[in-house]
Amino acid sequence: MARIVQKYGGTSVGDIERIKRVAERIKAARDEGNQLVVVVSARSGVTNELIARARAIHEHPSDREMDMLLATGEQETIALTAIALHALKVDAVSYTGAQAGIFTDAVHTKAKIKTINARPIEHDLKAGKVVIVAGFQGINEDGQITTLGRGGSDLTAIALAAAIKADKCEIYTDVDGVYTADPRVVKDARKLAEISYDEMLELASSGSKVMQSRSVEFAKKYDVVFEVRSSFNHNPGTIVKEEVVYMEQVVVRGVAVDKDQAKVIVSNIPDKPGSAAKVFRALAEANVIVDMIVQNIGHNGIANLTFTVPQGDSHRAEKALEPVFTELGGGEVAIHDQIAKLSVVGVGMKTHSGVAATLFQTLADQGINIELISTSEIKISVVIAAARADDAARAAHAAFGLEKAV
Ligand code: ADP
Ligand code: ASP
Ligand code: MG
């Protein structure tokens, strides 16, 4: 008997027929004698639809009310999944995040999990029940409903797997596993048998939405090995785990594109010690996530800074900077959102050189201009025009020979 956490994403529970099929899958795993905790997402499209409804009423709806609204998407699917299991004569119970004991901090719309009280789930598992938990949500100290950021059901699953010391964590989605690039964009992308936490994390935080990046961070921290696989077939998926030495033989593991970025250009701020600190302090206090920072050489006592933020944070960034400009006695901000970030990732970059040169030459050959560059030990990212992002991904994928089996 094993203790298994399964997570089914939005497409997998997208309609009644699919929910019934998921219930059969859960039953099959239960009939093998396993204990099961199942995390489900909202039906695909529902979260986006709820956001659109709120925005049709108010341009910037309150974060607390957004959490109240978005948490309903998962509440529908947990109940329907439990009912589908009852129809198959499987004892099952559905829980919201709060009922499942998932406690978070108070940052609405991107709360972090602080603790999980697994007692109610443990109790039900011992009683032989399948426990269905709403993904993407929790409750804060004040009893307010919070959500864990887009794609947050992955985090719910991985955090629960750690909390109940699951033997297995399976992330069921609409592709067979983690590919060398988004298979919907790069037709000859190849499924990876395994990938390290660090590579998965860099791909996820660079726009590969197959896994939420915070969930991968959590998995690495608590050493939760998990498998990404399809809910539509029984093919083996991709195992995500700690790096092993042979992984470094591959220089580039994958390519990711993030079209959800905006470029923020802060110009005409006084070029003196403390200016950058004030800018980024204000952004941090507004919970804006900043990436790829470039400061140009100052002229005539004036400095310019450019950085990227998630598109959804650009308005907050603009507002947060107003008082800073007043304090500094100058400054302007411009937002460009027709951009995309292209990243190539691989642990082999630690020991191989020439990746940047190959990437830049490939983009040059395509006539694609590079606006910003940043690197980490295992990643190179560039900001380019959004309209050329998919071409760039295909060209980079081919340039590094990622379609070929290793
Ligand atoms: P779910 O609703 O199951 O959480 P998501 O839509 O969040 O599923 O993530 C799965 C999608 O991620 C796939 O349909 C695929 O288009 C996209 N994707 C992006 N990059 C990759 C990649 N490298 N490997 C696999 N899928 C990817
Ligand atoms: N329903 C949420 C979203 O669309 C959470 C998830 O699907 O993981 O972002
Ligand atoms: Mg997802």
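Not measured: the values here are computed from a predicted model. Here the residue numbering is sequential within each chain, running from 1 through the sequence in written order. For naming, the first written chain is A and the first written ligand is 1, with later ones following in the order written. In keeping with the predicted nature of the model, local features appear solely for residues at pLDDT of at least 70, side-chain atom pairs appear and are counted solely at 80 or more, and the whole-chain, interface and lining totals rest on all residues. Derived side-chain values reflect all non-hydrogen atoms in the structure, with water molecules and hydrogen atoms excluded from consideration.

## A look at the overall build of the protein
Our working definition: A helix here means a DSSP run of H or I that spans at least four residues, while a strand means a run of E at least two residues long, and both kinds are numbered starting from the N terminus. Only C-alpha atoms enter the radius of gyration, while the globule expectation follows 2.2 Å times N to the 0.38, with N the number of residues. Burial classification: accessible surface area is computed with a 1.4 Å probe over protein chains only, and a residue below 20% of its type maximum counts as buried, one above 50% as exposed, and the rest as partly exposed. For every accessible area listed, the method is Shrake-Rupley and the probe measures 1.4 Å; residues are considered covered only by the protein chains on display. By the counting rule applied here, Lys and Arg register as positive and Asp and Glu as negative, while His and the ends of each chain are not counted. Here the site of a charge means NZ on Lys, CZ on Arg, CG on Asp, or CD on Glu.
Helix and strand counts for the protein stand at eleven helices and 20 strands. Rg of the C-alpha trace for the protein: 22 Å, near the compact-globule value of 22 Å for 406 residues, within the 12% margin. The 406 residues of the protein split such that 50% are buried. In the form shown here, the protein has an accessible surface area of approximately 18300 Å², with 51% of it arising from carbon and sulfur atoms. Computed over 46 positive and 52 negative side-chain charges, the inter-centroid distance for the protein is 4 Å.

## Description of the site of ligand 2
Here is the rule: One heavy atom within 4 Å of a molecule or strand makes the whole residue count as near it. Pairs of N or O atoms are called polar contacts if they sit within 3.5 Å, as long as, within protein, a hydrogen donor faces a hydrogen acceptor (for residues adjacent in sequence, only side-chain-to-side-chain pairs). Three residue categories are used. Nonpolar comprises Ala, Val, Leu, Ile, Met, Phe, Trp, Tyr, Cys and Pro, charged comprises Asp, Glu, Lys and Arg, and polar comprises the others, including Gly.
As a structural note, the neighbourhood of ligand 2 is formed by Ser41, Ala42, Thr47, Glu74, Phe136, Arg150, Gly151, Gly152 and Ser153. Contact between ligand 2 and Gly151: an oxygen atom at 2.9 Å from a main-chain N or O atom of the residue. When ligand 2 sits alone it has 260 Å² of accessible area, and the protein chains cover 86% of it. Split by residue class, the shell around ligand 2 holds two nonpolar, five polar and two charged.

## Quick notes on the sheet that holds strand E20 (residues 379-385)
Which entries qualify depends on this criterion: Should DSSP find at least two bridges between two strands, the strands are regarded as paired. Angular values range over 0 to 180 degrees, each being the angle between N-to-C directions of two axes fitted as lines to C-alpha atoms, with helices fitted over their stretch in contact. Contact criterion: two residues are considered in contact whenever any of their non-hydrogen atoms come within 4.5 Å of each other.
Strand order in the open sheet formed by four strands is E13-E18-E20-E19, and the pairing between neighbours is antiparallel. In this open sheet, the two edge strands, each paired with only one partner strand, are strand E13 (254-258) and strand E19 (372-376). This sheet shows a mean twist of 20° between the axes of neighbouring strands, independent of strand direction. One ladder, built from five bridges, connects E19 with E20; its direction is antiparallel. Across the sheet, Ser376 pairs through a bridge with Lys379, a residue of E20. Against the sheet, helix H10 (residues 355-365) makes contact with strand E18 (339-345), E19 and E20, and its axis sits at roughly 15° relative to E20, the strand it touches most.

## Here's the deal with the site of ligand 1
Residues in close proximity to ligand 1 total 17 residues, the closest being Thr173, Asp174, Tyr179, Asp182 and Arg184. In this structure, Asp174 approaches ligand 1 through a side-chain N or O atom, which is 2.8 Å from an oxygen atom. For ligand 1, the accessible surface in isolation is 580 Å², of which the surrounding protein chains cover 89%. Among the residues forming the shell around ligand 1, the class breakdown is seven nonpolar, five polar and five charged.

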